[in-house]
Amino acid sequence: MFSIFIVFALFVLNGCAATVGSDGTQIMSELNNRIIETVLENDESGGTVEASDVTIDQTFYGSFSKPEVKEVFVVCRILNTPHTGGLGRRAIIILAVDSMDIVAYNEIPADEVWVDTLPMSNGQDRIIFSGKSTYQGISAQDVMYFCIQNGQWTEIPIEELEIFGENQFYFLTEDVMIVTFVNQLTGSSDITAILIWDQDEGKFAPEQSTGYPNVLSESEIIRFCGEFFNSETDIMNNMLLSSEYSTPCEINLFQLFYNGTGDEADQISEEELAMLTEIDSAAPYQDVVRITASEMDAFLQERLGIGLEDTQKVGLEDFYYLQEYDSYYVIAGDTNYQHCMVFSGFWVSDDRLILEYIKESEEKQWHVTLQKVKDGYLFVSNVKID
C-alpha cells in the first residue's frame, strides 16, 4: 500500500498549482490576454463580467484534442458573477500553443474545484474534473472525465468509481486516486481505496495488493460469509441488511438494534413491563426487546469502531426509553430480518473489502464495506447502488 506520505501530500496539492513549461514562459502575457478575451466573448451573464473578474487558477501543457499536438489547457475562475444555481463559475479553455486559437471552451458551475490531466498511451491526454458543493451542511462531489472531440467537450462516464456509490469523496495526486468516506481527509484510516491510473485502459484500477487478491472467487466468498456472517446471524441482519449508511456515524440505531444485539436477552422485570404498558398498551401482548445504553455503546465500539455518543443518534427517538434503567425498548410483533445473497467481493486495498449483495425483497444491489482490523472487521458503510 502507498505510504502515508501520499495521504498528507494531498493537502499540499489541494488544487494543483499552475504548471508552466518552457513554452509558457514566453507566452504567458499573451496567454493571459487571450484567456480574458475568450471569457468575455463567451460570457452568458449579459456582459456583467469584467477583465478583472477573470483569474487563472491552473495551466497545463499537453495534447488534448488529438495526439501529438501542442496545446495549453487553462482553468480560470470568474469572480463576482456566481452561476444562477448559486455555485461558483469556472471556465476551462484549450488553446493551440502556436496560434493561440481557441480549440474548445466550457464553463462548469462548482464551488470547490480541482482539475488535472492524465496521460493516455495513445498520446491524447484525458482531463479529469472534480467539483464539490455543500448544501445544508451536506457535502457532495462530482467527478468526471472529459476529452475533446471535434472542438467539443465530451464527458466520459467514470464507470470504475460507480462501485463506491454516491457518498464517497476523491482526492487525486499525480496518477493516484484516493477514495474516502469523508470530505476532508485526515489520515490513512479514512481511506476506502487507492486507485492507480491505467494509461492503456484510460481508467483507474485498484492498487494491486501484496497480501490479498483483488477479487474473491466464489469459494472464497462462501467461506468468508460462512465464517464471518453465518456464524453470527444477528450481526449479518443488524449490520448488513437493516440500515443504509455512508459513514458509521449515520447508521440508523432503531433498525440496527430492532432485534437486540444477538445476545440472549434478559427477561424484563414486572416493574419495567408496567412502566412500558403505561406508554404502550400493547406491551403485555407483544415481544419486548430491551437494550441498555451501555450495551449499545459496546456493540457499536466492537462493530463500527465508534461509541454511541459518536453517532448522529438516527432512529434513537423511535425507541421507548426508561431513564430509571437507562435502557431502550422495542415493542413489536414482527422482525426486520431479511435474507440476502452475497454474489461478489473484492479487496480495494490491503484492509478494505467490499461485498456486493442483494436483498430478498428487492432487486437493487448493495455494497457493504468492511475494514480489516486486528480482531476481525469493522463495518464502514452499507450503501444501495442505483
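These remarks concern the structure in this document. As the structure is a computational prediction, the values presented were derived from the model and not from experiment.

Cut-off values and rules
Residues numbered from 1 in each chain as written. Predicted model: local features only at pLDDT ≥ 70, side-chain atom pairs only at ≥ 80, totals over all residues. Heavy atoms only, no water. Pairing = 2+ DSSP bridges. Helix = DSSP H or I, 4+ residues; strand = E, 2+ residues; numbered from the N terminus. Axes fitted to C-alpha atoms, helices over the stretch in contact; angles between N-to-C directions. Buried < 20%, exposed > 50% of the residue type's maximum accessible area, 1.4 Å probe, protein only.

## Looking at the sheet that holds strand β3 (residues 89-96)
Strand order across the open sheet formed by 4 strands is β1-β2-β3-β4, with antiparallel pairing between neighbours. Every other strand in the sheet has two partners, leaving β1 (54-62) and β4 (102-109) as the edge strands with one partner each. Pairwise comparison of adjacent strand axes, ignoring direction, gives a mean angle of 15° for this sheet. Across 7 bridges, β3 lies against β4 in antiparallel orientation. Bridge pairing in β4 places Arg 89 opposite Pro 109.

## A look at unusual backbone geometry
Working note: non-glycine residues mostly have negative phi, and peptide bonds are mostly trans. Unlike most non-glycine residues, Met 100 shows phi in positive territory, near 65°. Along the chain, Met 100 turns up in the loop between β3 and β4. Within the chain, Lys 313 stands out as a residue other than glycine whose phi angle is a positive 60°. Note on placement: Lys 313 falls in the loop between α7 (293-303) and β14 (320-322). Its relative accessible area of 32% is what places Lys 313 among the partly exposed residues.

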